[in-house]
Structures are given as structure tokens and as C-alpha cells.
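# Examining the three-dimensional arrangement
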Amino acid sequence: MDNELLTVLSIAREAAEIVRAVYRTPFAVEMKGPNDPVTRADREANTLICARLAEAFPGDPIIAEETPPESAAEARRMVQQGRVFFVDPLDGTREFADRNPEFAVMIGLAVGGRATLGVVVIPESGEALCGRVGASPIAFVEGPDGARRPLRVTDQHDPSKATMMVSRSHRPHLVEPLARRIGVRRIVPCGSVGVKVARVATGEAEIYVHGGTGAKLWDTCGPEAILIAAGGRFSDLDGAPIDYAYGGLRLENGLVATNVALYDTVIEAISALS
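What counts and how
Here the residue numbers are simple positions, counted from 1 along each chain's written sequence. With pLDDT at 70 or above as the cut-off, local features in this predicted model cover only qualifying residues; side-chain atom pairs require 80 or more to be listed or tallied, and sums for whole chains, interfaces and linings still use all residues. To get the side-chain values, all heavy atoms of the structure are used, and hydrogens and water are removed first. Note: two strands are recorded as paired if DSSP finds a minimum of 2 bridges between them. Strands here mean DSSP runs of E at least two residues long; helices mean DSSP runs of H or I at least four residues long; both are numbered from the N terminus. Orientation is described by axes fitted as lines to C-alpha atoms, over the contacting stretch for helices, and by angles from 0 to 180 degrees between their N-to-C directions. Contact between two residues is taken to exist if any of their heavy atoms lie within 4.5 Å; hydrogens are not considered. A helix is expected to span 1.5 Å multiplied by its residue count minus one. Buried, partly exposed and exposed residues are distinguished by accessible area as a fraction of the type maximum, computed with a 1.4 Å probe on protein chains only: under 20%, between the cut-offs, and over 50%, respectively. Two N or O atoms count as a polar contact when they lie within 3.5 Å, although within protein this holds only if one can serve as hydrogen donor and the other as acceptor, and sequence-adjacent residues are included solely when both atoms are side-chain atoms. Take the buried Ala, Val, Leu, Ile, Met, Phe, Trp, Tyr and Cys residues and link them wherever side-chain atoms come within 4.5 Å; each set so joined is a nonpolar core.

### A short note on the sheet that holds strand β12 (residues 207-210)
- As summarised here, the arrangement of the five strands in space is β11-β10-β12-β14-β13, forming an open sheet in which the pairing is mixed. In this open sheet, the two edge strands, each paired with only one partner strand, are β11 (186-190) and β13 (233-235). Strand-to-strand twist across the sheet, computed as the mean angle between neighbouring axes with direction ignored, equals 15°.
- Together, β10 (163-167), β11, β12, β13 and β14 (255-258) form the strand contacts of helix α6 (residues 193-201), whose direction differs from that of β12 by roughly 150°.
- Across the sheet, helix α8 (residues 260-273) is in contact with β12, β13 and β14; its angle to β14 comes to roughly 150°.

Okay, here's the thing in C-alpha cells:
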């Protein structure tokens, strides 16, 4: 087993325990900006993850949602160092605040601008999805009892039998036209980018599309590595790979996460609708 992946898994599980503990108590919800809530769980998990990563991987830059780079120049310097960790300590804060269990702790590692390693822990279910991209990819889900099973996307190629995941709180206008064009009948709203991508990686769904520029690199690095390792596809809306070293922190052109069998169909339909 990959020691680096296991180290990140241990860190993410420790942070998930912080999140679960806060979830079981009364907590305040603050707003960092419009439609951008934050809680004590976000901040405490962020602090722990960053400290543990810095100890385990000294010298590797860490870009985290609650402690982002202070300037665009600093962000560019960090992402150009070859290896960089992207951390979302609580993806799905809106759901967390609403007492909806669709939230996750996410850690991703990009190497040379590409998502390479990822861990997504869903605190309320106790499941941890893990992935390492490479010549011999690793993809597994670990249950709360520590038992592991391999992750693999489905081979469903018929859109009418596929499931499409969509954002519960930021549903893009693209969703309904795309579903009609390719013939998807089952659309499932869900919180957290990580949880939605997890559904594709585990085979519970086949398609997740997010339009616009709302997502950040810490929302996608970990989930992308897991999905790719599980045999899926991940790109922007034009089919271009996500570049984690371009210097910005925002996804400028949405994302597409699918199994292999439906990827081309989805990309071609998006192109036709644009």
C-alpha cells in the first residue's frame, strides 16, 4: 500500500472526527461572503490538516480554503513548485449547517499541475474514498470498520439508464438542457463536490456536471484523483484537463466527472449546447 496515501488518509480521518464532534453540538454559522458560510468545524479541521501535512510533508505548499494564499502572486508561486496540497476541510458547509449529512473532508495532491492523490472522508457515513493516479492506480473505499473494497466506475453506456448528480444549492442552468439532449432520466441533487464525485467513483451514478466558475481547485483536486484512479474521466466543460498549476484558484470553465463510457457523449452534448 502507498504510504503517502495512507498518511493523508489518517490526517483526513482525524479532521473528520473534529467535524463530526462539532456537528453534534450547537454551532454558529458565519458568512465569509455572499452564499459562503463558514463554521467552527471548517476552521478547526483546516488548522489540523495544515499542521499535520506540514509535519508529514515538509516543504510542500498547502493551499487550503480557510487559509488561502494572501495574493495572486503568492498563489502562483505555490502552485509552480511541482507538488502542492489542496485542502477543503469541510466541503458542503451549507449542508453541514442545515444538518444534512452530504458534506466531506477533502485533501488532494497535485504534481506537475495534475491531480495525483486524493482522499475524501464523509464524516457521517464514516466512509473514506482514496485514490492514487499512476501506472498502477490505487482506488478503494474504506468503511468505518476499516474494511476496504476496490473502487470502480460503472460501464453504463446508455444515458437513459444513467444517474446524473447535480448541485443541491447551486444547480447550473446547463443541467436540464443537457439531460434532455442525451436522454438522462434520473437527476439526483446532492451537496458537496466531493460527495457527488464520490457517487460516480463508487458506481452509484455516472455523470456529474458543474457549470460556471464557482468551484475552486480545493473542491476538485482530491475528488479528481480518486475518480481517475477508479477508471473515470474528469475535465472542464470543453474536455480540457484541470490545470492545478495555472496560477489561479478558481475553475474557470466548470467541470465534468463521468464514467469512461459516457464521457464523450456528455462532452459532445455540452459543445452542441454552447
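Picking up where we left off.
### Section: the sheet that holds strand β6 (residues 114-122)
- Here we have seven strands laid out as an open sheet, ordered β3-β4-β5-β6-β7-β8-β9, and mixed in their pairing. In this open sheet, the two edge strands, each paired with only one partner strand, are β3 (62-64) and β9 (148-150). When strand polarity is set aside, the average angle formed by the axes of neighbouring strands in this sheet is 20°.
- Sheet topology places strand β4 (residues 83-91) next to strand β5 (residues 104-111); seven bridges connect them, and they run antiparallel. Residue Phe86 lies in a different strand from β5, and its bridge partner there is Gly108.

### Concerning helix α2 (residues 40-56)
- The terminal C-alpha atoms of α2, which comprises 17 residues, lie 24 Å apart, in line with the 24 Å expected from a rise of 1.5 Å per residue.
- Inspection of α2 places Ala41, Asp42, Ala45, Asn46, Leu48, Ile49, Cys50 and Leu53 among the buried residues, and these make up the whole buried set.
- Summarising the contacts, the buried residues of α2 are in contact with α1 (3-23), β2 (36-39), β3, β4, α4 (93-97) and β5.
- Capping the start of α2 is the job of one residue whose side-chain oxygen sits 3.2 Å from the backbone nitrogen of Ala41: Thr39.

### With respect to the nonpolar core
- Ile63, Phe86, Leu129, Tyr208, Leu227 and Tyr244 are the most contacted members of the largest nonpolar core, which has 43 residues in total.
- Residue assignment for this core shows that the elements contributing at least two residues are α3 (72-79), β4, β5, β6, β8 (138-142), α6, α7 (217-229) and β14.
- Sorting elements by how many residues they give to this core places α7 first, with seven residues.
- Those residues in contact with Ile63 that lie beyond four places of it in its chain are Pro69, Met78, Val79, Val84, Phe85, Phe86, Val87, Trp218 and Leu249.
- Residues Ile18, Ile107, Val119 and Phe140 belong to the second largest nonpolar core, which totals 35 residues.

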